[in-house]
Each structure stands twice: as structure tokens, then as C-alpha cells.
Amino acid sequence: MNKERAKEIFNSPEMIHVTHQDREVYIEKVIERNEMARIHPVDQPNVNQEVPLYELKEPQH
């Protein structure tokens, strides 16, 4: 996923589905300086990690 799309999703008032390694996640923060994102699984809000933006996927409908 590119940085601009990740920022759009982060700022969206709607829940937009994003996955990381086939698991649905929520983007907590887009870290622009190193093209990373802080995420957590939708069902585990206390388990967060930082991952490269290119590992995030937006499922195609």
C-alpha cells in the first residue's frame, strides 16, 4: 500500500478493510519518515506492531 492511501484510510471516518499477512488490522498511525504503519489486529487492540506500508493490503471487492 502506498503512503497516501494509508493516510486516506487512517483519516477516513468509515472502517476500511486492511489486512496484514491475511489478518484484518486497524491502522493506528502512519509513520511517514520511514514508510511504516503502527497497526493492531481488529480483534486484538492491545497487540500493536510497526510494519512497512508495502505489507498492508486493501482487499479488492
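Residues numbered from 1 in each chain as written. Predicted model: local features only at pLDDT ≥ 70, side-chain atom pairs only at ≥ 80, totals over all residues. Heavy atoms only, no water.

## Structural notes on the overall build of the protein chain
In terms of helices and strands, the protein chain carries 1 helix and 5 strands. The N-to-C order of helical and strand elements in the protein chain reads α-β-β-β-β-β. The globule rule puts the C-alpha radius of gyration for 61 residues at 10 Å, and the 10 Å found for the protein chain is close to it. Dimensions along the principal axes, computed over C-alpha positions, put the protein chain at roughly 30 × 25 × 20 Å. Across the protein chain, every contact between residues at least 6 apart in sequence was considered, and the portion connecting residues at least 24 apart equals 30%. Summed over all atoms, the accessible surface of the protein chain reaches about 4300 Å², with 45% contributed by carbon and sulfur. (Helix = DSSP H or I, 4+ residues; strand = E, 2+ residues; numbered from the N terminus. Rg over C-alpha atoms; globule rule 2.2 N^0.38 Å. Contact = heavy atoms within 4.5 Å. Areas by Shrake-Rupley, 256 points an atom, 1.4 Å probe, with all protein chains shown as cover.)

## Let's talk about the pattern of salt bridges
Inspection of every chain in the model, using the stated rule, returns 7 salt bridges. Notably, a salt bridge pairs E58 with R5, separated by 2.6 Å at the nearest N-O pair. Residue E58 is found in the segment after strand 5 (56-57), and its partner R5 is found in helix 1 (residues 3-11); the two are separated by 53 residues along the sequence. A salt bridge links R38 to E50; the nearest nitrogen and oxygen atoms lie 3.3 Å apart. Within this pair, whereas R38 is found in strand 3 (residues 36-41), its partner E50 is found in strand 4 (residues 49-52), the two being separated by 12 residues in sequence. On the basis of relative accessibility, which here comes to 27%, the residue R38 falls in the partly exposed class. Taken together, the salt bridges that share partners define one network made up of E4, K7 and E32. (Salt bridge = Lys/Arg side-chain N within 4 Å of Asp/Glu carboxyl O. Buried < 20%, exposed > 50% of the residue type's maximum accessible area, 1.4 Å probe, protein only.)

## Observations regarding the nonpolar core
Residues A6, I9, I16, V18, V25, I27, V30, A37, I39, V51, L53 and L56 constitute the largest nonpolar core, which totals 12 residues. With 3 residues, the top contributor of residues to this core is strand 2 (residues 23-31). (Core = buried A, V, L, I, M, F, W, Y, C linked by side-chain atoms within 4.5 Å.)

## Some remarks on the environment of I31
For I31, the position within the fold is in strand 2. For I31, a relative accessible area of 6% translates into the label buried. With 18 residues separating them along the chain, I31 and P13 place their C-alpha atoms 19 Å apart. Apart from residues lying up to four places away in sequence, I31 is in contact with M36, A37, R38 and E50.

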